[in-house]
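For reference, the chains in residue letters:
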Amino acid sequence: NVEKMNEAAKYLIGEHDFISFCAANHQAEETVRRYSDMVYRLAFARTGNTADAEDVYQEVFLRYLRSDPQFTSEEHRKAWLLRVTVNKCKNLYRAKRRTEVPLTEAIPAPEAAEPSVLDEVRALPAPYRSTLYLHYFEGYTAAEIGRILGAKRNTVLSWLARGRQALRERMI
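Caption draft 1: Structural view of the environment of E59. Within the fold, E59 resides in helix α4 (residues 50-67). Judged by relative accessible area, E59 falls into the partly exposed class, the value being 37%.

Below is the structure:
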C-alpha cells in the first residue's frame with residue numbers, strides 16, 4: 001500500500017519534489033504505514049469494490065500529504081483520516097450517480113455467489129453501514145463514531161440498533 005501511495009505521489013508532485021518531500025517528512029510515511037489498512041478497509045466497506053476503494057485510499061493520503069494538517073494527538077490524526085475517507089466516499093458516490101451510463105448486453109452479469117456477512121453489511125443504507133463498520137471492525141465507541149460522522153451519540157446508538165436489526169432481517 002505504501003508503494004502504491006509513493007507511486008501516486010511521484011506522479012502528482014514530480015520525482016524530484018517527491019524525494020525532497022520524503023527526506024523531510026518521515027511522519028507522513030509512518031502515517032501511511034500505520035493507517036493505510038484502516039483507510040482502505042473503510043473505503044472498501046463504503047464503496048463495495050476494490051477499484052473505488054483504491055481511488056479513495058489514494059485521494060485520502062494525497063490530501064494528507066498536500067494539506068499537512070497539524071494534530072493534537074494520534075487519535076486526532078486517526079479521526080481526521082476516517083472523516084476524510086467518509087467524505088471522499090460520499091463525493092465518489094455523488095460523482096458516480098451523475099455519470100452513470102446504461103449497461104449494454106455485451107457486458108455479462110457476474111455469477112451470483114452466496115452473500116457473506118460483509119456483503120450484507122455493504123448492502124445496508126450508508127449510516128448503518130458506516131456505523132456498524134466503525135463499531136465492530138475498528139472498535140470505536142458510539143461517542144467516537146458520532147464525532148467522526150458528525151452525529152450525536154444517541155443518533156449513532158439508534159443507527160447501531162437499526163443496522164443490527166436490518167442485518168438480522170437480511171441474514172435470516
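Caption draft 2: Local environment of the packing of helix α3 (residues 26-47) against α4. As a packed pair, α3 and α4 sit with axes 8 Å apart at the nearest point and diverge in direction by 145 degrees. In this structure, α3 meets α4 at a crossing whose hand is right-handed. Contacts between α3 and α4 pair Q27, A28, T31, V32, Y35, S36, V39, Y40, A43, F44 and T47 from the former with T50, D52, A53, E54, V56, Y57, V60, F61, Y64 and L65 from the latter. A per-class count over the contact of α3 with α4 returns 14 nonpolar, 5 polar and 2 charged.

Caption draft 3: Broad picture of a nonpolar patch on the surface. Where nonpolar side chains cluster on the molecular surface, the patch consists of L118, Y136 and F137 and spans about 310 Å² of accessible area. In this fold, L118 is placed in helix α6 (residues 117-122).

Caption draft 4: Spatial organisation of the nonpolar core. In terms of nonpolar packing, the biggest core is built from 42 residues, with L81 and L134 touching the most fellow members. For this core, the elements supplying multiple residues, two or more each, are α3, α4, α5 (74-99), α7 (126-137), α8 (142-149) and α9 (153-171). For this core, the element with the highest residue contribution is α3, accounting for 9 residues. With residues up to four places along the chain from it excluded, the contact list for L134 reads L42, L82, G139, Y140, I145, I148 and L149.

Caption draft 5: Here's a closer look at the pattern of salt bridges. On inspection of all chains with the given rule, the structure shows 5 salt bridges. For E74, the salt bridge identified is with R34, shortest N-O distance 3.0 Å. Residue E74 is found in helix α5, and its partner R34 is found in helix α3; the two are separated by 40 residues along the sequence. For E74, a relative accessible area of 31% gives the class partly exposed.

Caption draft 6: Quick peek at the packing of aromatic side chains. According to the stated counting rule, one finds 7 aromatic pairs in the structure shown. Relative to F61, the ring of Y57 lies with its centre 5.2 Å away and its plane at 65 degrees, an arrangement referred to as edge-to-face. Residue Y57 and its partner F61 are located together in helix α4, separated by 4 residues, close to a single helical turn. Each member of the pair, Y57 as well as F61, is classed as buried. When the ring of F71 is compared with that of W80, the centres are 5.8 Å apart and the planes differ by 65 degrees; the resulting orientation is edge-to-face. With respect to burial, F71 and W80 carry one shared label: buried. Three or more aromatic residues link up through ring pairs in this structure, and these residues are Y40, F44, Y57 and F61.

Caption draft 7: Here's a closer look at the environment of I148. Mapped onto the fold, I148 is located in helix α8. With 62 residues separating them along the chain, I148 and V86 place their C-alpha atoms 8.7 Å apart.

Reading the values: rules and limits
- Residues numbered from 1 in each chain as written.
- Predicted model: local features only at pLDDT ≥ 70, side-chain atom pairs only at ≥ 80, totals over all residues.
- Heavy atoms only, no water.
- Helix = DSSP H or I, 4+ residues; strand = E, 2+ residues; numbered from the N terminus.
- Buried < 20%, exposed > 50% of the residue type's maximum accessible area, 1.4 Å probe, protein only.
- Axes fitted to C-alpha atoms, helices over the stretch in contact; angles between N-to-C directions.
- Left-handed = near helix turned anticlockwise from the far one by under 90°.
- Contact = heavy atoms within 4.5 Å.
- Nonpolar A, V, L, I, M, F, W, Y, C, P; charged D, E, K, R; others polar.
- Patch = residues over 30% accessible without salt bridge, like charges linked within 9 Å, V, L, I, M, F, W, Y side chains within 5 Å.
- Areas by Shrake-Rupley, 256 points an atom, 1.4 Å probe, with all protein chains shown as cover.
- Salt bridge = Lys/Arg side-chain N within 4 Å of Asp/Glu carboxyl O.
- Core = buried A, V, L, I, M, F, W, Y, C linked by side-chain atoms within 4.5 Å.
- Phe/Tyr/Trp six-rings, centres within 6.5 Å; stacked < 30°, edge-to-face > 60°.

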